[in-house]
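Spelled out, the chains give:
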Amino acid sequence: MTGDRTRLNRRDVLAAAGRAAALTAAGVVRAGPFVAAPGAMLSAALAQGRVGDPLVRPAEISSRNGVLDATLTAAPGTVRLGDVSFPGYLYNGSYLPPLLRARKGDILRIAFRNELPDDPSNLHFHGMSVSPRGHGDNVFVHVHPGQEFAYEVSIPAQGRQSPGLFWYHPHAHGVVTRQVLGGMSGGLVVDGLEDVFPVLRGLPERFLLIKHAEHDGREIISINGQINPVVSIRPGELQFWRIGHIGATLFIKFAIEGMPLYVVATDGHPLSRPRKVTEIFAGPGQRFDVVAIGPPAGEYPMRTMSFQNQAWKAPDPVQQMALIVADGAEPGTPGGEAEILRQQVAGPRWIDEVRGSPVARRRTLDYSRTDDRKMFMIDGRTMDEARIDLTARSGDTEEWTIVNTDQQYHSFHIHQTAFLVTAINGVPRDEDSLRDTFSVPPATEIGPGSLQVVIPFTDPVIVGKFVYHCHAVDHEDKGMMGIMEVVE
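Residues numbered from 1 in each chain as written. Predicted model: local features only at pLDDT ≥ 70, side-chain atom pairs only at ≥ 80, totals over all residues. Heavy atoms only, no water.

(A) Structural detail: the overall build of the protein. Each helix and strand in the protein was counted, giving 7 helices and 31 strands. A burial count over the protein gives 60% of its 488 residues as buried. Counting contacts in the protein only where the partners sit at least 6 residues apart, residues at least 24 apart contribute 77% of the total. (Helix = DSSP H or I, 4+ residues; strand = E, 2+ residues; numbered from the N terminus. Buried < 20%, exposed > 50% of the residue type's maximum accessible area, 1.4 Å probe, protein only. Contact = heavy atoms within 4.5 Å.)

(B) How the structure looks around the pattern of salt bridges. In total, this model carries 28 salt bridges according to the counting rule given. Here Glu 148 ties to Arg 113 by a salt bridge, and the two come within 2.9 Å at their closest N and O atoms. Taken together, the residues span a long stretch of sequence, with Glu 148 in strand 7 (residues 148-154) and Arg 113 in strand 5 (residues 107-114) at a distance of 35 residues. When its relative accessible area of 48% is taken as the criterion, Glu 148 is described as partly exposed. Owing to a relative accessible area of 36%, Arg 113 belongs among the partly exposed residues under this scheme. Here the salt bridges do not stand alone but share partners, grouping Arg 57, Glu 60, Arg 101, Asp 191, Glu 205, Arg 242 and Asp 289 into one network. (Salt bridge = Lys/Arg side-chain N within 4 Å of Asp/Glu carboxyl O.)

(C) Local environment of the sheet that holds strand 12 (residues 230-233). One open sheet accounts for 5 strands, arranged 12-20-19-14-17; its pairing is mixed. Whereas interior strands pair on both sides, the edge strands pair on one side only; in this sheet they are strand 12 and strand 17 (280-282). Each neighbouring strand pair of the sheet contributes to a mean axis angle of 20°, computed without reference to strand direction. Where strand 14 (residues 252-256) meets strand 17, 3 bridges bridge the pair, whose relative direction is antiparallel. Directly across from Phe 254, in strand 17, lies its bridge partner Ile 280. (Pairing = 2+ DSSP bridges. Axes fitted to C-alpha atoms, helices over the stretch in contact; angles between N-to-C directions.)

(D) Spotlight on unusual backbone geometry. Unusually for a residue other than glycine, Asn 92 sits at a positive phi of about 50°. With respect to the helices and strands, the residue Asn 92 is situated in the loop between strand 3 (84-91) and strand 4 (99-103). Positive phi is not limited to glycine here, since Asp 216 has a value of about 50°. Mapped onto the elements of the fold, Asp 216 is located in the loop between strand 10 (205-215) and strand 11 (218-223).

(E) Broad picture of the environment of Thr 73. In this fold, Thr 73 is placed in strand 2 (residues 67-81). For Thr 73, a relative accessible area of 15% translates into the label buried. When residues no more than four places from it in sequence are discounted, the contact partners of Thr 73 are Leu 90, Tyr 91, Asn 92, Arg 113 and Glu 115.

(F) Representation of the sheet that holds strand 26 (residues 420-424) in the model. If you walk across this open sheet you meet the 6 strands as 22-21-24-29-26-27, and the pairing is mixed. Of all strands in the sheet, those bounded by a partner on one side alone are strand 22 (376-378) and strand 27 (427-428).

(G) Fine view of the pairing of strand 5. Sheet topology note: the strand 2/strand 5 ladder contains 8 bridges and is parallel. What sits directly across from Thr 73, in strand 5, is Arg 113. One ladder, built from 7 bridges, connects strand 5 with strand 7; its direction is antiparallel. Residue pairing for strand 7: Phe 112 is matched across the bridge by Phe 149.

(H) Inspection of the side chain of Arg 387 at higher detail. One can find Arg 387 in the loop between strand 22 and strand 23 (390-393). Among the polar contacts made by the side chain of Arg 387, one reaches the side chain of Asp 389 at a distance of 2.6 Å. Excluding residues within four positions of it along the chain, Arg 387 makes contact with Arg 381, Thr 382 and Ile 483. (Polar contact = N/O pair within 3.5 Å; in protein donor to acceptor, adjacent residues only side chain to side chain.)

Just distances and angles here, no functional claims.
Here is the structure:
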């Protein structure tokens, strides 16, 4: 990221290798020649079979001259995760589909082809502040089997759209769960975060795209379609990691033993300055851009942490997601943590505008379900594509409180705009970045869980009809979604 020429040279090499890897098979993508030669410690671990393959990089499709042209074909395929294989649904034949890479002001021109046998499908560009109308980020388009739809999504050059990590996935109501669980989700990057935080320039960039599958009653968590991959780093080296939970239903808490991370953006929205964290809690759809510093030479497991999600079930067992191996010579560049923490955003941020805007309206949304868990509701109603549930005026800012009466985690996601989290379970939060997806804590014997957010409907680009919902997509499919219309 040290200028356009350097970025293109490095990414072209990595992307070419990634494309070759992605063509090998649907499922686990084997490491290719783009993986750096391992040091002695990693070589020994690989030889002993104690770890998975080195982390692969997704194939990339980048914009050229302001336009990103791509074809995405949804079709059945076989998913292979470690020693497990099962029928899935894939984009372009791969469980790790192409990463789409653009800049502010670009146009995404994507030909979407549905070759699934039975289901309608479509595309949603999660987290993007773009138009929900026509051939844009329009989730009310249903592309039926054998049909094709030409998406044309204009990324505003100015306005609320930030650089960062986003993602794409299907959003045809009622069939989202099996399509995303089957493998239909991929990464999307809007470049430019290095202009916000100069420390990112020139750093090795790694994607850690988390998915999960349900097989024989157990959750299989993968990163870039791999089971327990090895992420290599030199002691003291700075790397730019882009972590995205692009799975269907799983809420996970995870950490790297003995290795903190430095968050620079959440859901594609920069913090005022990097924040040091020792664990991350991620519901489906959430993303974290972070800086990693290579720890002293050794092995550092990235593992899930046990926590109570559903009150009627035991916590999920701890799983190792990846192994970070610190090995090789130190880079010899001073700074490290101090250099990261010195970074600070210059100039105004959207979050400051949101925080300071008068609230035009307050609403309360109630999340609930039936006892048999076959229907999940917002305000006692399930999703109806023929009904507008809420209307907001363009230019207004609103405060919403989401009340969770269910004894399990849900989440809140709204399309087209980010929001500011202001309280959890009634306890005020001083958030330093915006979100587009956030987990809503479960009800307990004390009472319901709650999430309070401030939502700006101030970007004229988003005028139109779109949805808000729980992003555990099985809950969404069973009705926990509503339709919002922003009117001029």
